[in-house]
Structures are given as structure tokens and as C-alpha cells.
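Tertiary structure, described
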Amino acid sequence: GVRWHGRASPRQSRAMASKFSDTSSPGGLKALNSHLASRPYVGGFTVSEDDFTLFARVSDSVDPKMYTHVARWWRHIHALSKLRPGAAFVPAARVSTTAPAKAGKPAPAKAAAPAAPLPNGTAAADEPKNFLQKLIETSLAPGGRCHGRPKGDCVRTRFPPEPNGYLHLGHAKSIVLNFGLAKKYGGRCHLRFDDTNPASEKMEYINGIQEDVRWLGYDWGKHLYFASDYFDTLYEWAVLFIKQGKAYVDQQTGQEIKDGRDNGTNSRFRDRPIEENLQLFEDMRAGKFKEGEAVLRAKIDMKSGNVNMRDPLLYRVVHQSHPRTGDKWCIYPLYDFAHGQEDAVEGITHSICTLEFGNHRELYDWFIDNLPIHDKQLDPVKGYDRPYQTEFARLNVSSFVMSKRKLKKLIEAGVVSGWDDPRMPTIRGLRRRGIPPEALRRFCEEVGVTNTENTTIDYTKLESTVRETLDPVVPRRMVVLDPVKVVITSYSGGAMDCTIANHPKDEAQGTRAVPFHREVYVEREDVRETDDPQYYRLKPGGEVRLRGSFVIKCEQIIKDSTGKITEVKATHDADTLSAPPKGRKVNGTIHWVPVTGAVDCAVRLYSYLLRAESGGGSEEEDEEAKDDFLNQVNPESKLEFAGAKGEPAIKAAKTWDRFQLERQGFFVVDPDTDAGTLTLNRIVGLAESGLKKAEDTDAASRSRKAQQEADAKRKEELKKLPPQEMFKGETDKYSKFDDNGIPTHDAEGKELTKNAVKNLKKAWDKQKKVYESNK
């Protein structure tokens with residue numbers, strides 16, 4: 001997108017303006033053309049006032065063949081000038097209305113006039129705005145290209161997924177952004193499927209994506225579209241390009257085309273006669289070519305500094321049935337040729353995509369400028385000019401796999417059960433994990449929108465958002481994951497109901513009765529043979545309160561022949577049901593479940609698919625790095641407790657019901673639940689409980705000094721360790737090493753990937769510096 005906040009310093013601006021002051025002469029244009037060959041804007045990769053200043057000096061009749069880069073730049077700045085009518089350029093990040101000008105320095109720019117009220121009557125000036133909101137408000141302001149459009153259609157955005165898999169968390173951000181902007185500014189958002197590749201697309205994905213978007217809380221109304229709706233129009237426009245001498249059929253191999261574009265050399269088929277190209281393209285459509293034997297390419301500029309402009313592919317042959325059009329077509333448009341024209345036909349005003357498409361914007365504009373887009377509009381609005389592409393930073397979340405290719409690989413490798421596995425970052429997976437749609441929307445809104453480098457959000461941000469969403473509303477229940485029976489020998493009465501609040505902070509949720517019996521289940525981790533004074537749970541002679549019930553005292557721990565704890569004998573203090581014990585303090589409170597009436601549960605604890613230190617990666621990685629990511633899979637991403645026991649009240653739970661299980665986290669009832677066993681998925685863990693936090697704090701205070709001493713000792717040892725020896729002891733991981741001692745094969749004898757060896761070499765180099773600094 002246009003990075004409006006960037007701008008050269010006043011001194012740089014004066015120098016830039018002076019350098020290219022003579023743009024009316026061939027020499028001046030030649031210098032500007034050379035300057036723009038390696039950058040999209042005069043100042044580099046960010047539009048600035050210098051672009052608009054020089055734009056006013058350059059004639060609109062510049063020869064595009066002689067001054068290719070100037071012509072390209074001129075067209076783009078001409079388009080951008082429509083986004084800022086009647087006002088001097090003001091970089092948003094530097095506007096100041098209060099700071100006085102310092103002596104000897106230019107006064108700060110005046111703030112732009114307040115934006116016109118939004119169509120819904122809300123003045124947006126009172127709230128912080130991201131760059132897309134500012135861009136849209138400029139379009140809606142008097143004189144803007146969207147000013148005066150009818151209510152409900154003030155702007156048009158679109159969400160255009162390819163139906164070759166299910167949507168993931170990154171797509172959720174785009175959905176929230178595009179539908180959210182349309183709603184905020186009184187417009188509409190189209191759902192459009194980019195179904196231009198029948199080799200990988202399925203109706204299963206088309207239907208599933210619609211379900212996911214609706215689940216997130218958005219509705220496109222009657223505005224559901226498909227790229228395949230426009231195949232006839234796109235074909236017609238491809239023929240038009242051929243007739244105008246702007247496209248040709250290329251019969252080079254795929255590698256030859258790639259090499260030619262990389263090197264900027266023309267195809268030997270580039271100058272074919274128009275009539276021959278028309279016939280060959282018709283032959284492509286008639287199925288007379290095999291896949292890869294012929295493609296249609298635009299004839300633009302093989303010397304362009306932007307490789308996307310080097311005669312891009314428009315059509316290729318694909319002999320596969322299409323999910324919607326069947327076998328009508330055997331040639332299909334490429335994405336770059338299709339999506340901008342789809343935007344134009346649908347009258348999209350703001351085409352919002354991610355940063356990796358920034359280099360494609362020049363091609364997007366070229367297609368729009370060279371096609372009769374207004375002749376094919378579905379429901380034109382008076383005054384509509386054309387769509388404009390703007391880019392934002394896509395969403396990356398640590399420990400999340402954000403690549404469809406990788407997600408497919410996880411399924412194929414059997415790491416996960418499918419697209420809706422609760423560990424998957426797909427919208428379907430997150431839904432089955434139990435994350436509510438309002439939490440996802442809130443997360444996507446709170447991470448914000450920028451047009452700077454893609455950044456990675458820590459997964460704990462998503463977790464905290466989910467907790468904050470669930471905590472005020474979900475009821476509490478008790479489930480013991482790894483049960484140990486406690487027999488309370490001093491209790492001789494029958495069943496007694498203990499009244500426990502369904503929510504400690506919401507009285508409106510009421511209470512429930514949990515029957516107390518002589519025998520109860522507690523967590524195995526809440527029983528320990530220890531004399532540690534900082535352990536506040538069940539231990540010989542130790543006391544603990546059962547949630548909402550009595551204080552009990554551990555009298556005896558019984559184990560089997562393997563040393564596993566099988567039962568605890570305890571006594572209770574009958575005076576502590578609704579009162580603290582007299583004359584002593586009991587620090588620990590634990591959850592429990594009565595043996596009689598306990599509900600059989602299967603509890604699944606999910607963690608993230610990648611280890612915490614791993615990034616999810618992206619589609620831009622090299623192939624080897626993409627394959628190597630399987631080595632980062634977390635082997636403990638799923639733990640299941642098949643023999644868990646739940647309190648009687650949870651028996652009535654239905655699929656998708658959510659609870660907070662005491663001291664365990666937030667859970668949802670999984671669709672796998674059957675009549676005999678209740679299956680619960682952990683959505684997210686709790687923030688540390690007071691009991692565990694107190695124990696951990698005590699343990700940390702005792703061990704901190706020891707850890708510091710161990711770290712210091714290890715640091716000294718590393719100073720004496722030759723780098724050639726640093727990996728030799730790790731025979732559980734590696735079996736072969738090179739001459740420097742860097743591993744080349746894993747423990748099973750399999751050769752390590754180049755990416756893995758590269759990372760090991762970095763660690764080796766670091767150790768070498770440490771070792772040599774100590775000599």
C-alpha cells in the first residue's frame with residue numbers, strides 16, 4: 001500500500017527536487033528514468049511529497065518506450081493523486097498541531113481538515129485510526145473518489161480466498177479487516193473465490209470457507225462471487241490483448257520462460273504475427289496442447305526493473321475438471337491477470353491484500369489501465385473510476401503454522417487428524433479447540449493493522465484474549481484428570497450436598513450441588529510423599545481443603561508393587577464445612593469429584609504444533625526450510641487423559657458447551673463425545689493459580705542462587721570447549737560429523753537438511769568466537 005507516513009528530510013527533499021529539476025529535457029528525463037529503475041518512488045520504497053512535486057513537472061506525453069520507468073512511475077502517481085484531492089501532502093505520522101516551530105527550522109505542517117462524518121453519522125476523528133481507515137476517509141471526504149456514493153455502498157471491499165484448503169488464522173485477520181472496514185464506513189464486502197486452479201480446488205473447501213466466514217460472524221448477503229463467473233470476460237479480454245499486440249502465445253518450456261524473465265531476455269516467440277497468436281490461443285482453448293506446451297503472455301517490458309512486468313503469464317493449459325464449470329474450459333487465467341479484473345468488474349473501491357503483493361501492484365495497475373473495465377461492471381455506481389490495491393502486513397503468530405502447504409504436509413504426515421484437528425491454526429481447528437468467534441475477532445482487531453514489515457505476534461497474546469473473553473461468562477466445573485481415590489475414614493454419614501457457585505464473580509449464574517461422599521477422587525499430582533514444607537497439598541500429616549467442602553488430613557498413602565500411589569486414607573474436620581479450621585492455617589485448596597456418580601471423561605490437553613521457540617514460517621521460505629519444519633513439531637502437542645472423572649453436574653453438557661475446569665483451564669465439549677464418555681478439549685490454560693504460583697515462587701527463590709552458580713560454571717566451561725568438540729557428545733541426536741565436528745547425519749544415520757546444517761554452523765561459529773576470546 002502507499003506508505004504515507006514516509007518522507008525525506010527537508011534537506012533531502014531540496015536536494016532531490018534540485019537533482020531532477022529539469023524534467024522537460026531528454027537529459028533530465030533520462031536521469032530520472034535511471035533513478036527510478038531500481039525503486040518504485042523517487043525517495044526509495046515510500047511515496048513522499050517529492051513524488052507529487054516532480055509529477056507536476058513531468059509531461060503526460062512521456063514516451064513509455066524510451067522512458068519506461070518514468071512512465072510507470074507517472075501512471076502510479078497520477079492514480080495516487082486522486083486519493084488526496086485538493087490538499088498538500090501531509091505525512092500522517094508527522095502532523096503536529098501543538099508543537100511550536102524551533103528557531104531556524106521549518107514550522108510543522110498544519111493538520112489536515114477533519115474528515116467528513118462517516119455515512120453512519122459517526123465522526124471518526126475521535127478515535128485512533130490505522131492507515132487504511134485514513135485512506136478510506138480521504139476517499140469519502142468531499143472531492144474524494146468515493147464521496148457521494150449511496151448509503152450501504154459507500155465503499156466496496158472483498159475477501160478473495162483460493163478454495164485449495166481451509167482458512168487459517170491469517171485469513172481471519174483479512175476477514176475481520178475487510179468486512180469490518182465495509183461495515184464501519186457504510187459499505188459492503190464481497191466474498192469472492194479465486195477458483196482459477198482446478199488442480200487443487202474442491203467444492204468441499206468452497207462450502208467450508210463459507211461456513212467459516214459465517215461462524216466468525218460475517219455475512220456477504222447476496223454478494224457471493226467466483227473468478228469462474230468471469231471466465232468468459234477474461235477470455236474476451238485476453239483475445240483483445242492479442243488483437244492489440246499486447247499478448248502472445250509462448251511455446252518455450254517453463255524453465256526457459258523463468259530464465260528469460262530472470263535475465264530479461266525476449267522469448268523467440270514474442271514477435272509472432274497477431275493472426276498466428278489468435279489461432280494458437282484458440283487451439284489452446286480447444287485442447288490441442290498438453291499442459292506446459294503453451295501459455296499466453298502479456299507483452300509489456302522484458303527489461304523492467306520489476307520482474308512481474310516482464311511479460312507475465314495470462315493463461316495456461318490445465319486438463320482437469322473445474323469444481324463449478326466442469327470441463328467447459330481447459331485453459332485458466334493466472335492470479336495476476338484474474339484478480340484485478342475481478343475487482344474492476346465487481347466495482348471494488350479498495351482492494352486490500354498483504355505486503356508480498358506490493359511488487360505486483362504495478363502489474364495490477366497496468367491491466368486496469370489497458371482494459372475496458374467499465375464495459376463489464378455488474379452493478380456500476382455513477383462516478384466509479386477503478387479499484388486501487390493497498391497492502392497491509394499479514395498476521396504471523398509464534399508457534400503457529402501459517403502456510404497452507406505446511407498444513408497439508410502435517411495432515412499427509414499423520415501429525416494431525418485433519419483440517420479441524422484442534423491443534424491446527426485453521427479456523428475450523430480453532431473452532432473445535434473451543435475458541436469463540438468473538439475472541440478471534442477481538443484478537444485480530446487488537447493486533448492492529450500496519451503496512452510495515454510483517455511481524456510475529458507472540459501466541460500468549462491470543463491466549464490472554466481468549467481467557468479474557470471466556471472468564472466472565474463460562475461456568476465452573478470440577479474434573480479430575482488423573483484420579484487417585486481418597487477414603488475419608490472419619491466420615492460415616494451418607495451423601496451430603498455441598499453448594500458451590502457456578503461462577504465466583506457472577507451470582508446470576510447461581511449455584512450447584514456437588515454430593516460429598518466418604519470416597520472422593522483427587523488429582524495424582526495433588527498427592528506426594530514429601531516432607532517439603534512448601535508443598536501445600538496432600539502429604540503425610542498435611543491438610544488441604546476440598547473446594548466447597550471440608551478440610552481433610554492425609555493419614556496414610558497406599559502404593560502398589562511398582563511404587564505407584566493407588567489410594568489415600570484421610571480424616572476430615574467436621575467443623576470446617578463453612579468455616580476455617582480453628583487454631584491453624586491451611587494454605588491449599590484442591591478440586592475433587594465424588595466417586596459415586598462420577599462422570600467418565602476423556603480430557604485432551606492441546607499445546608501448539610511447533611515448539612515455542614519456532615516460528616510458523618511462511619509461503620516465501622525456500623523448499624528445504626519448508627520441509628525441515630517437521631523437525632520443529634512439538635511431540636507433546638496432544639496429551640489425553642482417557643480415565644478422567646467429572647462431577648455429576650457435567651453429565652448434562654452438550655457439544656460446544658464451554659466450562660472452566662477448576663485449576664485446569666477452559667474446556668469445550670468435543671463433537672467426539674458419545675453416550676458413555678464426555679470428551680473435553682482444553683481451549684487454553686489458566687493464568688497460574690495462587691497455589692501453584694506460591695509453590696513455584698518458593699521453589700524459585702531457593703533454586704535461583706543455585707541456577708546462577710550453574711550458569712556461571714557452564715559459561716566458564718564453554719570458554720574452554722573447542723568448537724570441534726561441542727557436538728561430539730550428543731550421540732543421541734547425531735551419528736556423523738564433518739572435519740570441524742559439525743553434525744551431518746542424525747542419530748538414525750539420515751543426512752541432515754542443508755537448513756539444519758546451516759543452523760548448526762551458526763552455533764559452531766558462535767562457540768568458536770567464545771573459545772578464541774579466552775586464549
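1. A word on the sheet that holds strand S13 (residues 479-480)
Taking strand neighbours across the sheet as the criterion, the seven strands line up as S12-S25-S26-S27-S23-S24-S13 in an open arrangement whose pairing is mixed. Looking at strand neighbours, the two that pair on one side only are strand S12 (476-477) and S13, the edges of this open sheet. Inspection of the sheet shows strand S26 (residues 665-669) paired to strand S27 (residues 678-684) by four bridges, in the antiparallel sense. Bridge assignment links Val669 to a residue of S27, and that residue is Leu680. Packing against the sheet, helix H16 (residues 459-470) makes contact with strand S25 (658-661), S26 and S27, and its axis sits at approximately 120 degrees to S27.

2. Considerations on the packing of helix H15 (residues 437-446) against H16
The geometry of H15 relative to H16 is characterised by a closest axis approach of 9 Å and an angle of 130 degrees between their N-to-C directions. As the angle between them shows, H15 and H16 are arranged oblique. Along this stretch, H15 crosses H16, giving a crossing that reads as right-handed. Contacts from Glu438, Ala439, Leu440, Arg442, Phe443 and Glu446 of H15 reach H16 at Lys461, Leu462, Thr465, Val466, Glu468 and Thr469.

3. Section: helix H5 (residues 131-140)
Burial analysis of H5 places eight of its ten residues in the buried class, the great majority of the element. By the burial criterion, the buried members of H5 are Phe131, Leu132, Gln133, Leu135, Ile136, Glu137, Ser139 and Leu140. Close packing links the buried residues of H5 with helix H6 (169-184), strand S8 (350-354) and strand S9 (388-392). For H5, the N-terminal capping position is held by Asn130, with its side-chain oxygen 3.0 Å away from the main-chain nitrogen of Leu132.

4. Topic: the sheet that holds strand S3 (residues 224-226)
Strand order in the open sheet formed by three strands is S1-S2-S3, and the pairing between neighbours is parallel. Only two strands of the sheet have a single partner each, and these edge strands are strand S1 (156-159) and S3. Adjacent strand axes in the sheet meet at a mean angle of 35 degrees when their direction is disregarded. Packing of H6 onto the sheet brings it into contact with S1 and strand S2 (188-193), and relative to S1 it is tilted by some 160 degrees. Running over the sheet, helix H7 (residues 203-216) touches S1, S2 and S3 and is turned about 155 degrees from S2.

5. Considering the pairing of strand S17 (residues 519-523)
Burial within S17 is extensive, with four of its five residues counted as buried. Where strand S14 (residues 483-488) and S17 come together, five bridges link them in antiparallel fashion. The residue of S17 that forms the bridge with Pro483 is Glu523. Pairing between S17 and strand S22 (residues 593-594): two bridges, direction antiparallel. Bridge pairing links Val520 to Pro594 in S22.

6. Let's talk about the side chain of Ser351
In this fold, Ser351 is placed in strand S8. For Ser351, a relative accessible area of 0% translates into the label buried. A distance of 2.7 Å separates polar atoms of two side chains, one belonging to Ser351 and the other to Asp343.

7. Description of the packing of aromatic side chains
Per the counting criterion, the structure on display carries 23 aromatic pairs. Judged by centre distance (5.2 Å) and plane angle (20 degrees), the rings of Phe193 and Phe226 are stacked. With Phe193 in strand S2 and Phe226 in strand S3, this residue pair connects regions lying 33 residues apart in the sequence. One exposure class covers both Phe193 and Phe226, and it is buried. Summarising the aromatic geometry, the rings of Trp366 and Phe367 are spaced 5.6 Å apart at their centres and angled 70 degrees between planes, so their arrangement reads as edge-to-face. Side by side, Trp366 and Phe367 carry an identical accessibility label, which is buried.

8. What to know about the pairing of strand S20 (residues 565-573)
In this structure, S14 lies alongside S20, joined through four bridges in parallel fashion. Paired with Ile488 across the bridge in S20 is Ala570. Direction of pairing for strand S19 (residues 551-559) relative to S20: antiparallel, over a ladder of eight bridges. Residue pairing for S20: Gln556 is matched across the bridge by Lys569. Joining the antiparallel neighbours S19 and S20 is a turn of five residues, in which Gly563 adopts a positive phi near 90 degrees.

9. Describing the environment of Leu54
Its place among the elements puts Leu54 in helix H3 (residues 49-55). For Leu54, a relative accessible area of 2% translates into the label buried. Note: C-alpha distance between Leu54 and Val42 (twelve residues apart in sequence) is 8.7 Å. Leave out the neighbours within four places in its chain, and Leu54 touches Phe20, Val42 and Trp73.

10. Examining helix H11 (residues 335-345)
Burial within H11 is extensive, with ten of its eleven residues counted as buried. Buried residues of H11: Asp336, Phe337, Ala338, His339, Gly340, Gln341, Glu342, Asp343, Ala344 and Val345, and no others. Within two residues after H11, Gly347 carries a phi angle of roughly 70 degrees, on the positive side.

11. Brief notes about the pattern of salt bridges
Within the structure shown, the criterion is met by 52 salt bridges. A salt bridge links Asp343 to Arg158, with the nearest nitrogen and oxygen atoms 3.0 Å apart. In this pair, Asp343 is assigned in helix H11 and Arg158 in strand S1, connecting sequence segments 185 residues apart. In this pair, the class of Asp343 matches that of Arg158, namely buried.

12. Structural notes on the confidence of the model for the protein chain
The predicted model of the protein chain averages 85 in pLDDT, with 84% of residues at 70 or higher. Low pLDDT (under 50) marks residues 1-14, which in the prediction has 39 contacts with non-local residues, meaning those over four places away or in another chain. Every residue in residues 85-124 scores below 50 in pLDDT, and together they form 47 contacts with partners more than four places removed in sequence or on other chains.

Here is what the cut-offs are and how they apply
Residues numbered from 1 in each chain as written. Predicted model: local features only at pLDDT ≥ 70, side-chain atom pairs only at ≥ 80, totals over all residues. Heavy atoms only, no water. Pairing = 2+ DSSP bridges. Helix = DSSP H or I, 4+ residues; strand = E, 2+ residues; numbered from the N terminus. Contact = heavy atoms within 4.5 Å. Axes fitted to C-alpha atoms, helices over the stretch in contact; angles between N-to-C directions. Parallel < 35°, antiparallel > 145°, perpendicular 65-115°, else oblique. Left-handed = near helix turned anticlockwise from the far one by under 90°. Buried < 20%, exposed > 50% of the residue type's maximum accessible area, 1.4 Å probe, protein only. Polar contact = N/O pair within 3.5 Å; in protein donor to acceptor, adjacent residues only side chain to side chain. Phe/Tyr/Trp six-rings, centres within 6.5 Å; stacked < 30°, edge-to-face > 60°. Salt bridge = Lys/Arg side-chain N within 4 Å of Asp/Glu carboxyl O. pLDDT = per-residue confidence, 0-100.

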